[in-house]
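A closer look at the structure
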Amino acid sequence: MSSSAVAYARANYPRFLDELKDLLRIPSISTLPEHKDDCRRAATVLVDELKRIGFDQARLIETVGHPLVYAEWLKAPGKPTMLLYGHYDVQPTDPDDEWLTRPFEPAERDGNLYARGAADDKGQVWAQVKALESLMASGGALPVNVRVLFEGEEEVGGEGIANFVASKPPELKANVALVSDTELFAPGLPTLCVGLRGMIYTEIEVRGAKTDLHSGMYGGAAPNPFVALAQMLAKLKDEDGHILIPGFYDGILPPSPEELAAWRSLPFDEESYRLKEVGSRQLVGESGYSVLERTWARPTLDVHGIPGGFTGAGAKTVIPARALAKVSMRLVPGMIPAKSFELYKAYVEKIAPAGVDVEVRLIHSGDPCLIPVNNKYVQAATRALHEVWGKDTVFIRSGGSIPIVGDFDRYLGVPSVMMGFGLPDDNIHAPNEKFHLKNFALGIESIVRFMEESAL
Ligand code: BES
Ligand code: MN
Ligand code: MN
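Now for a look at the structure at hand. (Residues numbered from 1 in each chain as written. Chains lettered and ligands numbered in written order. Predicted model: local features only at pLDDT ≥ 70, side-chain atom pairs only at ≥ 80, totals over all residues. Heavy atoms only, no water.)

1. Structural notes on helix H3 (residues 118–139)
Residue pairs spaced three or four apart in an α-helix point in one direction, given the helix's 3.6 residues per turn. The buried fraction of H3 amounts to 19 of the 22 residues, a majority that puts the element mostly inside the structure. Looking at the residues trailing H3, positive phi occurs at glycine 140, about 75°. (Buried < 20%, exposed > 50% of the residue type's maximum accessible area, 1.4 Å probe, protein only. Helix = DSSP H or I, 4+ residues; strand = E, 2+ residues; numbered from the N terminus.)

This is the structure in C-alpha cells:
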C-alpha cells in the first residue's frame, strides 16, 4: 500500500492501542444516572484528542442528555465533505460475575481486547480518530473535508442527537456520512451494512390493588398484576413468532429477489450460528423465513425484563400492587414507529384482563433504514476495503438499530456508508465484550483509504 498515512498508522499502532485502553477505562454508561460525569469525561477526551491532532474548533455541544462531540476540518476546497459518526456511550455491564476480567479494565487475550465498549463503539470511534490523525500527521492535511459528530446516547435512543440533526444545523452539511458502528459478516470478510431495523422500546405497567396484599387473605379475589401481565404478553406473539397486533405487518417492504439471492450466497452456517453464537437448543421464529431474513428483514418483539414484586431469596406470599414489563419491537422498512406504537398500545389496552389498569408508555423509537448503494462513496469504500482486506465486499443488513442513520437521510439528505469492524461474536451488550485487534488495525487503515478514495 502506497499511502503514507497507512504507514504512519502501522508505525504508531501500539500507542493507538494504549490510548484506546484509556478511553475504555471510562465507564460511560449512558443509561445509568450515576455515570453522567463519566459520559462527559469520555466526550471531553475525544474533544481534546481531536484538538490535538489538528481540529482547532473541536467542542462539546450540549443536549438534553449527554453532550455531543463536534469537530470540523474544512480545508480541502472542491473536495467532498464527510460526516464521521460513532458513539462514546456504552451499555451497562451486568451480569458482572460473568466477565472473565473487569469490564472497565481492558485486557488483551488471544488477539482480542476485552472491555465494555471495545467493539460497540469506542474501538470504532477511536479507529476513526486515529485514521484522521494518521492522515493529518503524515500529509499535513486531509484528502476530504471532515466533520465529526459523536454522541453519548446511542444506547438509550439518541434523543439529543436527533434534536440536533432535525434542526438541520449548518455544521452538518455534508455529502456522505461514515458510520462506524456495525460489524463484518464474518472474520476477514469486508462488509458494508446497507440496512438496519428500527425500533420502539416500551413499558407496560399493570396496576391491581391499591397496595400489596397478603396472598392468602386476598388471593382468589384480588387481581394479580403479574398474572395479568403474563396473560397479555402471551397474546403479543404466537408460537410461530408471528406478532398478533392487528395491522402490525401492513406496509412492510420485503427485500428484493436480488437481495435475497445475495443473502443466500453469504457464508452462513445455521447450525454453527445456533451452537456458537446463540447457544440454545434450537432456533425459533417465523417459519418460511431464513435466519437472516428473520433477523434483518422481519419485525420482531422481545421482552427485556419484568421488574417488581418479590424477587428475594426464599418465599414471600404477596399479591403485588403493580407489575412492569419492558417490551421492544424491531421494525423493518415500510414500518413507521409512531404508527406501530399506536397499534400496539391499542391492542394491549384491548387485551387487558378485567380488574387491572394498564398503562403503555413509549420510551424511545427509531426508524428503520435502507441505504442506497449506487453512489461513488460506496464504490470508494469497496475499493478501499478490497485493498486492505484483499477481498470483495459483501453487502448485508443488520438486525440492530442506529436511530440517527435514518435521520441523516431524512433531515440532511446525507447518505451513509456503514463500514464497521465488529464481529458477530464480539459479545456486544453482553459479558466479555471484545474487539478483535486485527480489526482495530485494519479498521483504521480502511477508514484512511476510504477517505483517500473518496477524494478521487
Ligand atoms: N451498534 C449497535 C447496533 C448494531 C449492532 C448494528 C450490530 C449492527 C450490528 C448499536 O449500538 C445498538 O446497540 N443500538 C441499539 C439501539 C437502540 C437502543 C435504539 C440497539 O440496536 O438495540
Ligand atoms: Mn453501537
Ligand atoms: Mn449498542
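2. Quick notes on the sheet that holds strand S9 (residues 198–207)
Across the sheet, four strands lie side by side as S11-S13-S9-S14; this open sheet has antiparallel pairing. Strand pairing shows two members of the sheet lacking a second neighbour, strand S11 (300–305) and strand S14 (357–366), which therefore form its edges. Recorded for the sheet is a direction-independent mean angle of 25° between the axes of neighbouring strands. As defined by bridge partners, S9 adjoins strand S13 (residues 322–331) across 10 bridges and the pair is classed as antiparallel. Bridge pairing links valine 206 to alanine 323 in S13. Those strands touched by helix H6 (residues 225–234) are S9, S11, S13 and S14, and its axis lies near 20° from that of S13. Packed on one face of the sheet, helix H10 (residues 337–351) meets S9, S13 and S14 and runs near 165° to S14. (Pairing = 2+ DSSP bridges. Axes fitted to C-alpha atoms, helices over the stretch in contact; angles between N-to-C directions. Contact = heavy atoms within 4.5 Å.)

3. Some thoughts on the site of ligand 1
Lining the immediate environment of ligand 1, one finds 17 residues, of which Glu154, Asp181, Arg330, Ser401 and His429 sit closest. Here a nitrogen atom of ligand 1 and a side-chain polar atom of aspartate 181 are 2.8 Å apart. For ligand 1, whose accessible area on its own is 520 Å², the fraction buried by protein is 91%. Looking at which domains feed residues into the shell around ligand 1, each of domain 1 (4–196 + 369–454) and domain 2 (198–252 + 299–366) gives three or more. (Near = heavy atom within 4 Å. Polar contact = N/O pair within 3.5 Å; in protein donor to acceptor, adjacent residues only side chain to side chain. Areas by Shrake-Rupley, 256 points an atom, 1.4 Å probe, with all protein chains shown as cover. Domains from an automatic or database assignment.)

4. Considering the coordination of the manganese ion (ligand 3)
Bound to the manganese ion (ligand 3) on the protein side are Asp120 (OD), Glu155 (OE), Glu155 (OE) and His429 (NE2), at distances that span 2.1 to 2.6 Å. Each of the six donor atoms around the manganese ion (ligand 3) contributes to a set of angles spanning 55 to 156°, which defines the coordination as irregular. Separating the manganese ion (ligand 3) from the manganese ion (ligand 2) is a gap of 3.6 Å, bridged by aspartate 120, which donates to each. Placement of the pair is aspartate 120 in helix H3 and histidine 429 in the loop between strand S17 (416–418) and strand S18 (434–436), with a sequence separation of 309 residues. Judged by relative accessible area, which is 7%, aspartate 120 ranks as buried. Its relative accessible area of 40% is what places histidine 429 among the partly exposed residues. (Donors = N, O, S within 2.8 Å, 3.2 Å for Na, K, Ca; no water. Tetrahedral: all angles 85-135°; square planar, octahedral: opposite > 155°, others 65-115°.)

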